[in-house]
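Structural characterization, general
Chain by chain, the residues:
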Amino acid sequence: MRRIPALLVTHADLGAALLRAAQQIYGPVGDVEFLSNSEFSRTDLENAIRERVSGWTHGGLVLTDFPGGSCQQCGLLAARGNAEILVVTGMNLPGLLDYLHNREQYPVAELAERLMTRARDSVRVQHARPE
Amino acid sequence: MSWLNQRVDDRLIHGQVVVAWGSALRPARIYVVDDQVAASPWERDLLVSAAPDAEVRVLTVAEAAAVWEAERSAPGGALLVLRDLRTARALVESGAAVPAFTLGGLHYAPGKAKIAEYVYLDDADREDARALLQRGVKLEVQDVPATRPQGLMVLDPTVAP
């Protein structure tokens, strides 16, 4: 199956840091770009994302950090009209690692659902057991 | 209660608005005043989905000017967000008696000069700011509630009427 590309769009340098962290665990990573929303207006961020995903002739994933934020909204604006580009919001390190391990195993929609579940399920509250 | 803050922000509703200002002011309604977005049902829905804890109303400048007074006495608080000083000026010149605007995010574009970390203005912006100040509208620069508001005229004396 074809490798599905991804673009991390986040506040500040979270995307770059997430990718660095993922590389420490996964190893060298290709076909993943990152983009910070810093310095961008709504229109300019939408255009910057559109420019980066324009070469995705077989679809891809825009991975964003925060529901309702500019990264998510501009990702959706940039992907409008392209059913093969999906936006996954609330991305974290477990979700990104799951993407890296499975981006050649699933079609884009199935991969997006999988990442959402993995990212969500990795948030846990745990208590250390008393001795 | 009604109007809590009128924000000029070229990202419209986003994280700072929903999380920072939303948590501090707890608005019941968020008005987005933008002719372009108001004309697109899809973009309206996108903004509505961005602020699940408030009712989002997306209006044209003319519509917002028409409801400004009625909203002043409505129960619950309201935020107003628009994308640039041109729209702010248009709203006031259309009859809305807005006492103040907070410049919360006007990002860099070619020809714009830095006024604050998150506010860049060009000559057209300054002209709009001057027109608002001449009408007695207060203009302050503040991105989130945790920072101190600063007068635009202090940061950029060239906007003085």
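Structure shown above.
Sequence order as written defines residue numbering, which begins from 1 separately in each chain. A letter from A marks each chain and a number from 1 marks each ligand, given out in the order of writing. The predicted origin of the model limits local features to residues at a pLDDT of at least 70 and limits the giving and counting of side-chain atom pairs to 80 or more, whereas totals for whole chains, interfaces and linings rest on all residues. The basis for every side-chain value is the complete set of non-hydrogen atoms in the structure, without hydrogens or water.

Residue and element names in this part refer to chain A. Backbone geometry places Asp31, a non-glycine residue, at a positive phi of 60 degrees. Relative to the elements of secondary structure, Asp31 occurs in the loop between helix H1 (14–26) and strand S2 (32–36). Phi is positive for Glu39, which is not a glycine, with a value near 80 degrees. Mapped onto the elements of the fold, Glu39 is located in the loop between S2 and helix H2 (42–53). Secondary structure counts use DSSP, requiring at least four H or I residues in a row for a helix and at least two E residues in a row for a strand, with both numbered from the N terminus.

For interface size, the figure often reported is the accessible area lost on association. Note on contacts: a residue pair is in contact if any heavy atoms of the two residues lie within 4.5 Å. The partner chain B presents 17 residues to the 16 residues of chain A that form the contact. We define buried area as the total accessible area lost by two parts upon association, computed with a 1.4 Å probe and summed across both. Note on chain A versus chain B: buried area summed over both sides is about 1400 Å², and carbon and sulfur give 53% of it. Counting the surface chain A buries against chain B, the share from its top three residues, A:Glu39, A:Arg42 and A:Arg80, is 39%. Between Lys or Arg on one side and Asp or Glu on the other, a salt bridge is scored when a side-chain nitrogen of the former is within 4 Å of a carboxyl oxygen of the latter. Counting the contacts that link chain A with chain B gives one salt bridge. In this structure, B:Glu43 engages A:Arg80 in a salt bridge whose closest nitrogen and oxygen atoms are separated by 3.6 Å. Two N or O atoms count as a polar contact when they lie within 3.5 Å, although within protein this holds only if one can serve as hydrogen donor and the other as acceptor, and sequence-adjacent residues are included solely when both atoms are side-chain atoms. Across the contact surface, chain A and chain B share seven residue pairs in polar contact (both at pLDDT 80 or more). Elements with a minimum of two residues in the side of chain A that touches chain B: H2 and helix H3 (70–79) of chain A. When residues of the side of chain A that touches chain B are assigned to their parent elements, the largest contribution, four residues, is made by H3(A). Residue polarity is assigned by list, with Asp, Glu, Lys and Arg as charged and Ala, Val, Leu, Ile, Met, Phe, Trp, Tyr, Cys and Pro as nonpolar; anything else, Gly included, falls into the polar class. Here the side of chain A that touches chain B is built from residues that sort into four nonpolar, eight polar and four charged.

In this description, a line fitted to the C-alpha atoms serves as the axis of each element, helices being fitted only across the stretch in contact, and the angle between N-to-C directions of two axes falls anywhere from 0 to 180 degrees. Running from N to C, H3(A) and helix H3 (residues 41–50) of chain B point in directions that differ by 160 degrees, and their axes come no closer than 11 Å. Relative to H3(B), the element H3(A) lies roughly antiparallel. Of the two elements, H3(A) crosses H3(B), and the hand of that crossing is right-handed. Note on element contacts: H3(B) touches H3(A) through B:Trp42, B:Glu43, B:Leu46, B:Leu47 and B:Ala50, opposite A:Gln73, A:Leu76 and A:Leu77. Looking at the contact of H3(A) with H3(B), its residues break down into six nonpolar, one polar and one charged. These descriptions rest on fixed angle ranges, namely under 35 degrees for roughly parallel, over 145 for roughly antiparallel, 65 to 115 for roughly perpendicular, and the rest for oblique. Each crossing gets its handedness from the near helix: less than a right angle anticlockwise from the far helix is left-handed, clockwise is right-handed.

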